[in-house]
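The chain contents come next:
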Amino acid sequence: SSDEWRMRSYFGRVNYAFAGKYFVEGNFRYDGSSRLAPGHHYTFFPSGSLGWRISEEPFMKWANWLNWGKLRASYGTSGQIFTDAYLAHGLMQVSKNGFNGNAAVSTNTPISPNLTWEKTEQYDIGLDMDMFNYRLNFKLDYYYKYTSGLIYNIGLPSAGQMYPFPRRTENCMEISNEGIELELTGDILRESKVSWRTKFNIARNWNRLE
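Values in this document were obtained by computation on a predicted structure and should not be read as measured data.

Here the focus is the overall build of the chain. When helices and strands are counted, the chain shows 0 helices and 10 strands. Here the C-alpha atoms of the chain give a radius of gyration of 26 Å, more than 25% beyond the 17 Å that 2.2 N^0.38 yields for 210 residues. Taking the principal axes of its C-alpha atoms as reference, the chain extends roughly 90 × 35 × 35 Å. Within the chain, the fraction of its 210 residues that count as buried is 28%. When contacts within the chain are restricted to residue pairs at least 6 apart in sequence, those whose partners lie at least 24 apart make up 58%.

Moving on to the nonpolar core. Core analysis: the biggest nonpolar cluster contains 9 residues, these being Leu36, Ala37, Phe45, Ile81, Phe82, Leu87, Ala88, Leu115 and Trp117. Each residue touching Phe45, except ones within four places of it in the same chain, is listed here: Asn27, Phe28, Arg29, Asp31, Thr77, Ser78, Gly79, Trp117 and Lys119. Formed by 6 residues, the second largest nonpolar core is a distinct cluster that contains Ala63, Leu66, Met131 and Phe138.

Moving on, we get to the packing of aromatic side chains. All chains considered together, the criterion is met by 8 aromatic pairs. Aromatic side chains Phe18 and Tyr22 sit 6.2 Å apart centroid to centroid with 20° between the ring planes, which places their arrangement in the stacked category. Judged by relative accessible area, which is 45%, Phe18 ranks as partly exposed. The partly exposed category is assigned to Tyr22, whose relative accessible area is 33%.

So, about the pattern of salt bridges. Under the definition given, this model contains 11 salt bridges. Beyond isolated ion pairs, a larger network of salt bridges with shared partners links Arg72, Asp124, Asp128 and Asp141.

Strand order in the open sheet formed by 8 strands is E1-E2-E3-E4-E7-E8-E9-E10, and the pairing between neighbours is antiparallel. Only two strands of the sheet have a single neighbouring strand rather than two, namely strand E1 (7-18) and strand E10 (196-209). Between one strand axis and the next, the sheet turns by 10° as a mean value, whatever way the strands run. Relative to strand E3 (residues 42-52), strand E2 (residues 22-33) is paired through 11 bridges, and the arrangement is antiparallel. Residue pairing across strands places Phe23 opposite Gly51, the latter belonging to E3.

What follows is about the environment of Phe18. Checked against the element boundaries, Phe18 lands in strand E1. Separated by 116 residues in the primary sequence, Phe18 and Tyr134 have C-alpha atoms spaced 24 Å apart.

Here we take up the pairing of strand E7 (residues 118-131). A regular strand carries its side chains on alternate faces of the sheet. In terms of strand pairing, strand E4 (residues 66-80) meets E7 through 14 bridges, oriented antiparallel. Bridged to Lys70 within E7 is Asp128. The sheet contact formed by E7 and strand E8 (residues 136-155) spans 13 bridges and is antiparallel. Bridge pairing in E8 places Gly126 opposite Asp141. Following E7, the chain reverses through 4 residues before pairing antiparallel with E8; Phe132 in that reversal takes a positive phi of roughly 55°.

Both E8 and strand E9 (residues 167-189) contribute to a ladder of 18 bridges, which runs antiparallel. Across the sheet, residue Leu150 finds its bridge partner in E9, namely Met173. Bridge count for E9 against E10 is 14 bridges, and the pairing is antiparallel. Across the sheet, residue Ser176 finds its bridge partner in E10, namely Arg208. In this structure, the hairpin formed by E9 and E10 is closed by a connection of 6 residues.

Reading the values: rules and limits
Residues numbered from 1 in each chain as written. Predicted model: local features only at pLDDT ≥ 70, side-chain atom pairs only at ≥ 80, totals over all residues. Heavy atoms only, no water. Helix = DSSP H or I, 4+ residues; strand = E, 2+ residues; numbered from the N terminus. Rg over C-alpha atoms; globule rule 2.2 N^0.38 Å. Buried < 20%, exposed > 50% of the residue type's maximum accessible area, 1.4 Å probe, protein only. Contact = heavy atoms within 4.5 Å. Core = buried A, V, L, I, M, F, W, Y, C linked by side-chain atoms within 4.5 Å. Phe/Tyr/Trp six-rings, centres within 6.5 Å; stacked < 30°, edge-to-face > 60°. Salt bridge = Lys/Arg side-chain N within 4 Å of Asp/Glu carboxyl O. Pairing = 2+ DSSP bridges. Axes fitted to C-alpha atoms, helices over the stretch in contact; angles between N-to-C directions.

The quantities given are spatial measurements derived from coordinates; they are silent on function.
Following this line, the structure appears as structure tokens:
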């Protein structure tokens, strides 16, 4: 047996920084795959981010303990395809049960005419700070990720009677992930012959079948 599949992608990125304090980035992807159903090959996946170095602002000069600080936010989309090259198009099989004892060709995998990308959207808000002459590093992140169109096999009614196959593949599941992460890194001994760095992190995630 053999199979053939192709992908085509277009990608672009725009970056802009102003006064060393304000940062904007935009990414643009347009991806297509032959594995998907006709009319559903291509999807647009944009993403972008914003950054603000608050430590460079005049109103933060009072915080002499803060060496570097940045607020950031991002939004992004991505897609995933499946490994079967012909899952959306349907497959035939040679059946032992044919006419008059002869082998016949029958449907093995039914066509899924709407099968498309598994799509993910993610939001992230974060804060980074270096403090006390860069001895203490602080990172805090909140994220929310929503994945839709997950591939799943749907059972068909009267399998084996009305239809010769029990199920069909569809984009029919959705899940979400929401979480918060905290990381602290401290240089306790930095200028002596013995160095000592300690790192602490903690995270909480909520995973939901939507």
